[in-house]
Amino acid sequence: MTAEAPAKPVLTGGCQCGAVRFAVSAAPNRVSICHCRMCQKASGAPFASFADINKTDFAWTRGKPAAFKSSSIAERDFCAACGTPLSFRRIDGPRIEIMTGAFDRPDRVIPTQQFGTESRHGWVVGIANLPSQTTMQNYGPEKMASIVSHQHPDHD
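Residues numbered from 1 in each chain as written. Predicted model: local features only at pLDDT ≥ 70, side-chain atom pairs only at ≥ 80, totals over all residues. Heavy atoms only, no water.

### Digging into the nonpolar core
- Of all hydrophobic cores here, the largest spans 17 residues; its most connected members are Phe 22, Val 24, Ile 53, Phe 58, Trp 60, Ile 98 and Phe 103.
- Contributions of two or more residues to this core are made by β2 (21–24), β4 (48–54), β5 (58–62) and β9 (95–99).
- With residues near it in sequence (within four places) discarded, Ile 53 still touches Val 24, Pro 28, Asn 29, Phe 58, Pro 94, Arg 95, Ile 96, Ile 98 and Phe 103.
- Membership of the second largest hydrophobic core comes to eight residues, among which are Cys 34, Cys 39, Ala 74 and Met 99. (Core = buried A, V, L, I, M, F, W, Y, C linked by side-chain atoms within 4.5 Å. Buried < 20%, exposed > 50% of the residue type's maximum accessible area, 1.4 Å probe, protein only. Helix = DSSP H or I, 4+ residues; strand = E, 2+ residues; numbered from the N terminus. Contact = heavy atoms within 4.5 Å.)

### Re the state of the cysteines
- The tally for this structure, following the rule as stated, stands at zero disulfides.
- A disulfide-free cysteine, Cys 15 has its sulfur positioned 3.7 Å from the sulfur of Cys 79, the nearest such atom. (Disulfide = S-S within 2.5 Å.)

### What about the pattern of salt bridges?
- Scanning the model with the defined rule gives seven salt bridges in all.
- One salt bridge in this structure joins Arg 21 and Asp 104, with 2.7 Å as the shortest N-O distance. Placement of Arg 21 in strand β2 and of Asp 104 in the loop between β9 and β10 (113–115) is noted, with a sequence separation of 83 residues between them.
- Asp 104 gets classed as buried once you look at its relative accessible area, which sits at 7%.
- The shortest N-O distance in the salt bridge between Asp 156 and Arg 62 comes to 3.1 Å. Of this pair, Asp 156 sits in the segment after α3 (141–146) while Arg 62 sits in strand β5, and the two are 94 residues apart along the sequence.
- A residue is classified by how much of its surface remains accessible, and Asp 156, at 61% relative accessible area, is exposed.
- A relative accessible area of 34% places Arg 62 in the partly exposed class.
- Three or more residues are tied together by salt bridges with common partners; here these are Arg 21, Arg 62, Asp 104 and Asp 156. (Salt bridge = Lys/Arg side-chain N within 4 Å of Asp/Glu carboxyl O.)

### Side note on the sheet that holds strand β6 (residues 66–68)
- Read from one edge of the open sheet, seven strands run β6-β7-β8-β9-β4-β3-β10, paired in mixed fashion. Only two strands of the sheet have a single neighbouring strand rather than two, namely β6 and β10. Going from strand to strand, the sheet's axes swing by 30° on average, the running direction of each strand aside.
- Strand direction decides the pairing type here: strand β7 (residues 74–78) and strand β8 (residues 85–90), joined by five bridges, are antiparallel. From the neighbouring strand, Glu 75 faces β8, where its bridge partner is Arg 89. (Pairing = 2+ DSSP bridges. Axes fitted to C-alpha atoms, helices over the stretch in contact; angles between N-to-C directions.)

### A short note on unusual backbone geometry
- Even without being a glycine, Asp 92 presents a positive backbone phi close to 60°.
- Among the secondary structure elements, Asp 92 is positioned in the loop between β8 and β9.
- Looking at Asp 92, the relative accessible area reads 75%, which means it is exposed.

Next up, the structure:
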């Protein structure tokens, strides 16, 4: 993983505050969801979603993430400034798995496989059927107009 962006990035992304950014120069090998308890804790969510990328097709383009050795075989990268979880990678492995929510266009990295289903919460399968609202519907136009985001935009 170099400090320079790969030629013609296919996908870009980064953390919430913008201190750490990355670029990917080839389509992911696979995109998956993991329900294992370790991924639940690492993401602070009921599951994590990852795009598996060859390290030769990946570069940190701004800043460098901090890392936590979550097991004897893997580390998880995150932004030390804002705490955004960014990746899972096997120590000395040839690939890095980037959390799909960290991409500027997460709609372009669609999961096709699930792992760790022994820890999948039963209610996850019904999420699409829950009552839903847009953010505007939830807060209303007056509240939305008063909110100032400190989040880095989804582009450089």
